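# Residue-level structure breakdown
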Amino acid sequence: MKLQSKYSDLVLNLMVAVAISLVVNFSYVLLMLIDVTNESQSRPANQKILERCDEGLLSVHPDGYGYLVYENGDSVYVPTQRMRWLGIAPGDRIVADLMPPRHAKGHPVLWEMRRHNGEKFDYGRLYTGPSRMTELLLQLFYYLVVSFVILSILTSVRRNYTMGRFIRRCLWCCLAAVALYCLAPVTEWHSKRITLNCMSGQMFDYMLLLKCSFAVVASMLYGRIYVLISQRQAVVVENELLKNENLTTRYNMLVGQINPHFFFNSLNSLAMLVREKHDEKALTYIDQLSYTFRYIIQNGQSTLMTLDEELKFAEAYGYLFKIRYADKLFFDVDVDPQYLSWRLPALSLQPLIGNAVKHNTITRSRPFHISIRTEEGHLVVSNPRIPKLEPEPSTGIGLENLRNRWQLITGQTIEILDDGVTFTVRMPLQHPDQA
């Protein structure tokens, strides 16, 4: 699934890059159409071309345009673009056909050059460069690459995509855009060959810069929208997973906590109190057992409970074990009152107390102490390691379940420390204002 999602993202980025490239080069297509239209309309049907056989000397004005000056004093206007296209320079001797002026005070315009410095001019050499279609395909491919690289940088991360990370990735995109700008394919004026922008001798091309900027901005805008949509979808999926995990967790908790082994041991302890005629203890035991099961059933579906409520449950739950291990099991509770209103996932203490009793030796000669205390916003539960001679099998499901519930419900992780002497679990409490 992850592999398919990765490829789908690549395909989507590629499709968007193609769209951006087409939009960027739409202006290039329009320019091609305008050039074709101007070429077809450059010679009006109602005007005749003037043929001259004498030579004119090309003179270039400081503003860039030129004039052919003849011996009889006539002058012919030569546009800057046509001088560049024909590759002519000041001082060249030119024989050319002319287009009559459009108004009475205007100058004739150079139309077609027949001889250049005494030699017949070959128009074929002007078309040795790439065709317009080749240039268009290169432009399409180039801007496709630019857009695809920018989109790949922006959409490579979805989760935990903060504004700071987005800005850093935009900076990376700008660096990539500068590098790609230097590698842009351009056509030289005189040689008509395609070369890289960094090798053309004229790095600043306002049209190329404008089109690159548009491609980068459009890619960044789409990348931001894509990330926001992806994050929203991820939140929806995570909420659904949380619901499913919560249902599974609730079921596992009820099955794990109300298990026959614990229930039968509780009944045996109660029977012992009745046989020994400890009526008061038996009544207290029944109350604590009732409270324990009621808390598990009612609050097993709750997300968060206060530390005060969880400690009351731990007191009732621990009392059941203290009756079973008379004068051998002790609970050392040292909780700062300021943390009593802080919250934690319900039934967090039950698996820790149950595991401590299950996996350690408890004898009169070596009383067993379970410590429950608060330290700097954390609830800390620890007990000494006194393994049984015949250890009971452990699946590790209880601790893993507790770890997963903390991660899903609070977004934080619990810390499990085991140095072989003491087993400790540190759980971050949640301030009431954050609940």
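Turning our eyes to something else, we now look at the pattern of salt bridges. Under the definition given, this model contains 10 salt bridges. Residue Asp308 is joined to Lys312 by a salt bridge in which the shortest nitrogen-to-oxygen separation is 3.7 Å. Of this pair, Asp308 and Lys312 both sit in helix α9 (residues 307–324), 4 residues apart, which is roughly one turn of that helix. A residue is classified by how much of its surface remains accessible, and Asp308, at 28% relative accessible area, is partly exposed. Given a relative accessible area of 44%, Lys312 falls into the partly exposed group. Glu375 is the partner of Arg373 in a salt bridge, and the nearest nitrogen-oxygen pair spans 2.8 Å. Through salt bridges with shared partners, one network takes in Arg373, Glu375, Glu415 and Arg426.

Tracing the backbone through its elements, the reader meets Asn360 in the loop between α10 (349–359) and β13 (368–375). A polar side-chain atom of Asn360 sits 2.8 Å from the main-chain carbonyl oxygen of Ala356. For Asn360, the side chain forms a polar contact with the main-chain nitrogen of Ile386, separated by 2.8 Å.

Mapped onto the fold, Tyr70 is located in the loop between β3 (66–69) and β4 (75–78). Remark: the alpha-carbon pair of Tyr70 and Glu55, spanning 15 residues in sequence, is separated by 6.7 Å. Each residue touching Tyr70, except ones within four places of it in the same chain, is listed here: Arg52, Asp54, Glu55, Gly56, Val76 and Leu98.

The next point concerns the side chain of Asp92. Among the secondary structure elements, Asp92 is positioned in the loop between α3 (80–86) and β5 (93–99). Buried Asp92, no salt bridge; nearest opposite-charge side chain is Arg93, N-O distance 7.8 Å. From its side chain, Asp92 meets the backbone nitrogen of Ala89 in a polar contact 2.8 Å long. Every residue in contact with Asp92, bar those within four places of it in the chain, is listed here: Gly56, Leu57, Leu58, His116 and Asn117.

With respect to the helices and strands, Tyr67 occurs in strand β3. Residues Tyr67 and Pro79 lie 12 residues apart in sequence; the distance between their C-alpha atoms is 8.6 Å. Those residues in contact with Tyr67 that sit more than four places away from it in its chain are Leu57, Leu58, Ser59, Ser75, Val76, Tyr77 and His107.

Parameters at a glance
Residues numbered from 1 in each chain as written. Predicted model: local features only at pLDDT ≥ 70, side-chain atom pairs only at ≥ 80, totals over all residues. Heavy atoms only, no water. Salt bridge = Lys/Arg side-chain N within 4 Å of Asp/Glu carboxyl O. Helix = DSSP H or I, 4+ residues; strand = E, 2+ residues; numbered from the N terminus. Buried < 20%, exposed > 50% of the residue type's maximum accessible area, 1.4 Å probe, protein only. Polar contact = N/O pair within 3.5 Å; in protein donor to acceptor, adjacent residues only side chain to side chain. Contact = heavy atoms within 4.5 Å. Lys, Arg positive; Asp, Glu negative; His and termini not counted.

No statement about biological role is implied by the geometric values presented.
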